[in-house]
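The residues making up each chain are set out below.
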Amino acid sequence: MSALKPLKRLVTDWFLGGMLLAVALAWLFPDIGRHGGALHAESLINAGVFLVFFLHGINLSTEQIRKGLSNWRLHIMVQVFTFALFPLAWLAVDRLFGTHLPPALMLGFFYLCALPSTISSSVALTGSAGGNVPAAILNASLSSLLGVFLTPWLISLVADANGGIDLGETLIDLSLLLLLPLVLGQALRPLWGRFFARYKRYTAVFDKLVILLLVFASFSDSVAGGIWQQQGPATLVIAFVGSALLLAAMLWATTRSARALGFNHEDEIAAVFCATKKSLAAGAPMAAIIFGANPALGLILLPIMLYHQMQLIVCSVMAERYASRGHALARAQASAA
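The text that follows walks through the structure, step by step, so that each part is easy to find. (Residues numbered from 1 in each chain as written. Predicted model: local features only at pLDDT ≥ 70, side-chain atom pairs only at ≥ 80, totals over all residues. Heavy atoms only, no water.)

1. What about a nonpolar patch on the surface?
A contiguous nonpolar surface patch, about 750 Å² in accessible area, is contributed by Leu21, Leu25, Trp27, Leu28, Phe29, Ile32, Leu39 and Leu44. Here the nonpolar patch gets 4 residues from one element, more than from any other, and that element is helix 2 (residues 14–28). Relative to the helices and strands, Leu39 resides in the loop between helix 3 (30–33) and helix 4 (41–59). (Patch = residues over 30% accessible without salt bridge, like charges linked within 9 Å, V, L, I, M, F, W, Y side chains within 5 Å. Areas by Shrake-Rupley, 256 points an atom, 1.4 Å probe, with all protein chains shown as cover. Salt bridge = Lys/Arg side-chain N within 4 Å of Asp/Glu carboxyl O. Helix = DSSP H or I, 4+ residues; strand = E, 2+ residues; numbered from the N terminus.)

2. Quick look at empty space enclosed by the protein
A probe as big as a water molecule, rolled over the atoms, marks out the empty space that is left. A full pass over the atoms with the stated rule returns 1 cavity of 30 Å³ or more. Size it by volume and the largest cavity reaches roughly 40 Å³. As for the largest cavity, its lining consists of Val49, Val52, Phe53, Asp207, Val210, Ile211, Ala281 and Pro285. Each residue belonging to the lining of the largest cavity can be placed in one class, and the counts come to 7 nonpolar, no polar and 1 charged. (1 Å grid on protein atoms, 1.4 Å probe; cavity = no way out; pocket = protein on both sides within 12 Å on 5 of 7 lines; lining within 4 Å. Points joined across faces, edges and corners; volume = space filled by probe spheres on them. Nonpolar A, V, L, I, M, F, W, Y, C, P; charged D, E, K, R; others polar.)

3. Some thoughts on unusual backbone geometry
For His40, which is not glycine, the phi dihedral falls at a positive 50 degrees. By secondary structure assignment, the location of His40 is in the loop between helix 3 and helix 4.

4. Examining the packing of helix 8 (residues 120–129) against helix 9 (residues 133–158)
At a minimum axis separation of 9 Å, helix 8 and helix 9 run at an interaxial angle of 165 degrees. As far as their axial angle goes, helix 9 and helix 8 are roughly antiparallel. Between helix 8 and helix 9 the crossing geometry is right-handed. Every residue of helix 9 that contacts helix 8 at Ser122, Val123, Thr126 and Gly127 is listed here: Val133, Ala136, Ile137 and Ala140. A per-class count over the contact of helix 8 with helix 9 returns 5 nonpolar, 3 polar and no charged. (Axes fitted to C-alpha atoms, helices over the stretch in contact; angles between N-to-C directions. Parallel < 35°, antiparallel > 145°, perpendicular 65-115°, else oblique. Left-handed = near helix turned anticlockwise from the far one by under 90°. Contact = heavy atoms within 4.5 Å.)

Take a look at the structure:
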């Protein structure tokens, strides 16, 4: 019965339904959400993203981060997978199949590979599985901060063939929109931290609403620009299969690497869940800044939208299995003692 829980969660997940609704509305009413459209979504998105990262900053516990500082091998493994091995995996696939796939979709897969890890789901799943939560908090937070600089830099390495990006201007925009509110939130945490902690559960809801607005706006631009009319159903199938294979490969590779490095049960859980996650919460607003009003933005975001749902479902199943294994290890140690 426990194996059905992730599937039930998928069916009842309002965020997944919201994404499907946002795509449908963009298809029906693209002129409302497009860049410069009636909704002026780009202004609403900027304000929403700033507030989201301010709330993340004010709710981020520096004490928990300090507790995880000493495990440097775990930290290096997570960040190497996140910002090096994921892009290298894309490079190998691009050499083999890149010429046979739509360029915007391949750019979308690279964008997925260049994104930082998530914070909320990495920490939540690590906790439910019985893993090293302070290490998960540190790595997910560090990944998000590094992503402000490393993600656009990585994109700039492959974006020349896709119109290019102004790396300096992009870094400034990302710093003002993502890093500045995060720093402000941390600075104001001693004064307002307790107040905002009472309403912390609403932060995730607001976070998702901003993402839904971004999805609506990006797909509106794509529909208005005729991108989806040029693509057939095969594009969606390719994006789905590619995302699933990437997740499976990285889960296998991180698990093997953690065991080869001799990590204990708790550290293995943190390593696997942090190193394989990719953040839609950071990816959607960053894409709006990095790619601007690119009409193919909906196609670029498609891989991370699919990967996001897959990682939650698969890792939820893994978390339950890790928890069961942890209980068995604890019983064995108790018996041995």
